[in-house]
Amino acid sequence: MKNTLFTTAVLALAIASAGCTERKVKGPNASPPTDNNTPPVAEAGADLTASAGSLVTLTGAGSDVDGSIAGYNWSQASGPSVTLDTDANGTASFTAPATDETITLTFELRVNDDGGATSPADTVTVTVLPALNKFFGTAIEDAGDYNQLTTYFSQITPGNAGKWGSVEAERDIMEWTALDTAHTFAGDNDLRFKFHTLFWGQQQPGWLEGLSSEEQRAEIEEWIAAVAERYPSPDMIDVVNEPLHAPPAYKEALGGDGETGWDWLITAFELARAHFPDSRLILNDYNILNLEDATEDYLALVELLHSRALIDGVGVQAHFLEQSLGADVEANLDTLASAGLPIYISELDINFADDARHANKLRELFRVFWEHPAVAGVTHWGYRQGHMWRSEAWLLASDGSERAGLQWLNCYLGEAENCDLLVPEYVPAGWSGTENLLTLEAELYDEGRGVLATGNAVAHTDVGDWILFERVEFRESWDSFSVNYAKGAGNTGSLSVRLDSLDSANALRVELPPTNGWDDYLTVAADWAPIAGSHDVYIRFNDVSGVGNIDWLRFGVAGAEPVANLVSNGDFEQGADGWSAGWAGGALSTSADKSQTGNRSLLASGFGGGAYALYDLTGGVEAGGSYPVSLWVNLSAADRVTVTRKLACAGQSDSYSWLTDNADIPADTWTELTATLEIPAACEPTEVLVYLENTTSGTDVYIDNVQVTAPVSGEETGDGNLINDGGFEGSAVAGNWSAWWSGGTVLALSNERAQAGSQSLKVSERVENSMPSYDLTAAVVPGTIYDVSVWVQHSGPDAAPVTLTHKLACEGADDTYVGIASAEAMAANSWTELTGTIEVPGDCTVNELRAYFEGIPAEVEALYIDEFSVTPQ
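In this text, all values refer to a predicted model and were calculated from it rather than measured experimentally. (Residues numbered from 1 in each chain as written. Predicted model: local features only at pLDDT ≥ 70, side-chain atom pairs only at ≥ 80, totals over all residues. Heavy atoms only, no water.)

### A look at the sheet that holds strand β31 (residues 579-580)
Ordered by their spatial adjacency, five strands build an open sheet running β31-β34-β39-β36-β37, and the pairing between neighbours is antiparallel. Looking at the sheet topology across the chains shown, the edges are occupied by β31 and β37 (655-665). Pairing of strand β36 (residues 639-649) with strand β39 (residues 685-693), which is carried by eight bridges, proceeds in the antiparallel orientation. Each residue of the ladder has a partner; that of Ala648, found in β39, is Glu687. (Pairing = 2+ DSSP bridges. Helix = DSSP H or I, 4+ residues; strand = E, 2+ residues; numbered from the N terminus.)

### Overview of unusual backbone geometry
Keep in mind that most residues, glycine aside, have a negative phi and that most peptide bonds are trans. Residue His196 is joined to Thr197 through a cis peptide bond whose omega torsion reads 5 degrees. Mapped onto the fold, Thr197 is located in strand β14 (residues 192-200). Omega for the bond connecting Gly796 with Pro797 falls within 30 degrees of zero, at 25 degrees, which places this linkage in the cis form. With respect to the helices and strands, Pro797 occurs in the loop between β45 (784-794) and β46 (800-810). The backbone of Asp500 sits at a positive phi, close to 75 degrees, despite the residue not being glycine. With respect to the secondary-structure elements, Asp500 resides in the loop between β26 (493-499) and β27 (508-512).

### Regarding the sheet that holds strand β5 (residues 55-59)
Pairing in this open sheet of three strands is antiparallel, and the strands run β5-β9-β8 from one edge to the other. With one partner strand each, in any of the chains shown, β5 and β8 (85-86) form the two edges of the open sheet. Note that β8 and strand β9 (residues 91-95) share two bridges and pair antiparallel. Bridge pairing in β9 links Thr86 to Ala92.

### Observations regarding the pattern of salt bridges
Counted according to the given criterion, the structure contains 29 salt bridges. Where Lys361 meets Glu364, a salt bridge forms, and the shortest distance between an N and an O atom there is 3.0 Å. Taken as a pair, Lys361 and Glu364 lie in helix α8 (residues 355-370) at a separation of three residues, close to a single helical turn. Taking the relative accessible area as the measure of exposure, Lys361 reaches 8% and is therefore buried. Two residues, Asp543 and Arg509, come together in a salt bridge whose shortest N-O distance is 2.9 Å. Pair noted here: Asp543 is in the loop between β29 (533-542) and β30 (549-556) and Arg509 is in strand β27, with a separation of 34 residues, a long-range link. Overlapping salt bridges bring together Asp775, Lys807, Asp815, Glu848 and Arg850 as one network. (Salt bridge = Lys/Arg side-chain N within 4 Å of Asp/Glu carboxyl O. Buried < 20%, exposed > 50% of the residue type's maximum accessible area, 1.4 Å probe, protein only.)

### Remarks on helix α5 (residues 263-275)
Compared with the 18 Å implied by 1.5 Å per residue over 13 residues, the 19 Å span of α5 between its first and last C-alpha is a close match. Of all the positions in α5, only Trp264, Leu265, Ile266, Thr267, Ala268, Phe269, Leu271 and Ala272 are classed as buried. Tucked inside the fold, the buried residues of α5 contact β14, α4 (213-230), β15 (236-241), β16 (280-285) and α6 (292-306). (Expected span 1.5 Å × (residues − 1). Contact = heavy atoms within 4.5 Å.)

The following block contains the structure:
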């Protein structure tokens, strides 16, 4: 029978007691059996698990093909005796007996029909676990985590300090400081302490890689002995972390796969048992509670260790459960509990930016965990805003206020009344697109069953599984549906689009034949009957196991293509994953207080000056690419914002360059910053970071609608001009322009004067050392000579000198500054052409090439630039 677990509150199956007085309950219509009477069938229900001391109330049932059920008869077949209370409806209840170890009770149910016949017995097994003293704990990372920890938590886990790579990054040099702090704090405050972790395939010392298996084994012995000497008996130890997903590279030193397929795992636990006989030894892994198959695979490892008396608890990380149904999580907990070991929810976080959505999901899942008889404790993976592994999972705001989810937790754990009143109603934000299209990234579905969001796709899509997008706003112009997916060998499956209910008829069905592999994505399109209005969209998977890995789904006008933004969540509606606080410290989180588009923005606060709000573009850009950059900022006080890029090229020194700089951003106003990110053709990018800086400490910066879009090259102008929009007829100044070395100077498109067309570039409000410049670094090719032409006009009042110069920085050589062209006495208010050349040596690896204007007297109020071209000879 399927194993089902229940809590003290509601345990719904019928149980009777062994050794207690047998009770027969008959209805008023019972009668002697007749010759042709078919015996009834008893249904004792599913097996279950309860905790010692809990009230178990269960309901039996029966059926009879030629009559009705007249009575129920329970008896206990095995296990410690209990006393049952029964009624005429087949329910029975008892108090689970006290026990220090897992015990099993077996009961039999027989039913009588109105003809006097009795059914064969049906059995139900009840597993009783020892009563658990549950804890609610947190992971800790830095000094600030300790300040309010004891207000909310009774257990701590150092998140990184106990990992081997953190302690012994350099061979034989042990860094225990952070771990000592946590261990001492736990002891001083009577908190349960868990060591995390002895063995893991990540964050292990890099120097292990070059050792032989014998040397690695010796180092393993030294490592575990050193931990045991310093911390002889931690309450709990994550012995091995993520064995299913990240086995250690040195597993051969522990015995490799061996006869069991997991000999290395067994050896790791044997070593831990020998060194920590008084600690509770735990296995820990993620993506276990999401899927039934993953739970079964993990249970096999637990039983392998349990059969050898090597494991004392089952750790399950609770990352990535935001889209899972509580009922599915509970069913998988039931499966794990069949091992008879306590379960530890080791790394809970609910990564939703919307406070109401966060609180509702936290309530749903935490109740499942806390009320489950096999769960011994729950550890939340951090709790402070801006100091979380997952940015939107915080409980305590940076200003010290409690998030709604934390308020509910405090109430619930305190067993107070009306706790649900603290949880705001969640109204889904919905999904909307442009007039031309809407792209639904599959992994961002609102709810689903049977699937797994992995990175940028949804996997494990088997027949009957589904995902849901709530409140999709359709447009009447959309006449096409497409899906981007990958599928290995196997039979063709399909997906169905259903509106407003999973049980609705298909609005569309699309077949998904195999592609060339599970990582080879193709797009399939189909006609869509246009509709308008808001609808819940269910995507159901049909026909086969492994329908496909789904990247995205799209409704729109046939042939419409989206703008390819390299910033995966630049609108911050789904959180701030991918962003980091940078080197200035402080906190990053999404905020509903202000937004330029949508409902949320990114808030950078509490930074101490320097770089903040950093985004890593390393995997998204290519050599020779020129990427338009746009973002909007809103400041709590008038201040300055500089957008900077760090570029690391293989075999070259790292370089840092301002993309754009604005020293006069007003307070409480959305201001757009535009730039161009240039990747030199000779660069093999190994790191590309974009970040903000030069804002005064204490200023709150809201950021929204960040875009780094598909590359644009000078060749796309049609004439080979390396100057993007050299005629200045666009809607914004190209990002390659900057007021070099001067933040005060303003560069803007102007229709006041133009040499050709209707606009030029106006340089005004110039300050000392102002050098309006254009960055050509990524566009030029070594060994090439470029012709330069530009028209210039200044406002006077008198004739003035104007010089155009280029700076060239070659790898390993001194920087050079060479004049391109100059006019010693350029007349005011008259267009003058400057012409010259730029030569890039063949042996130069270009780190920087910049053309800039200089030598202009301070009394010249404005400079106008137009028809600027740099073309190869």
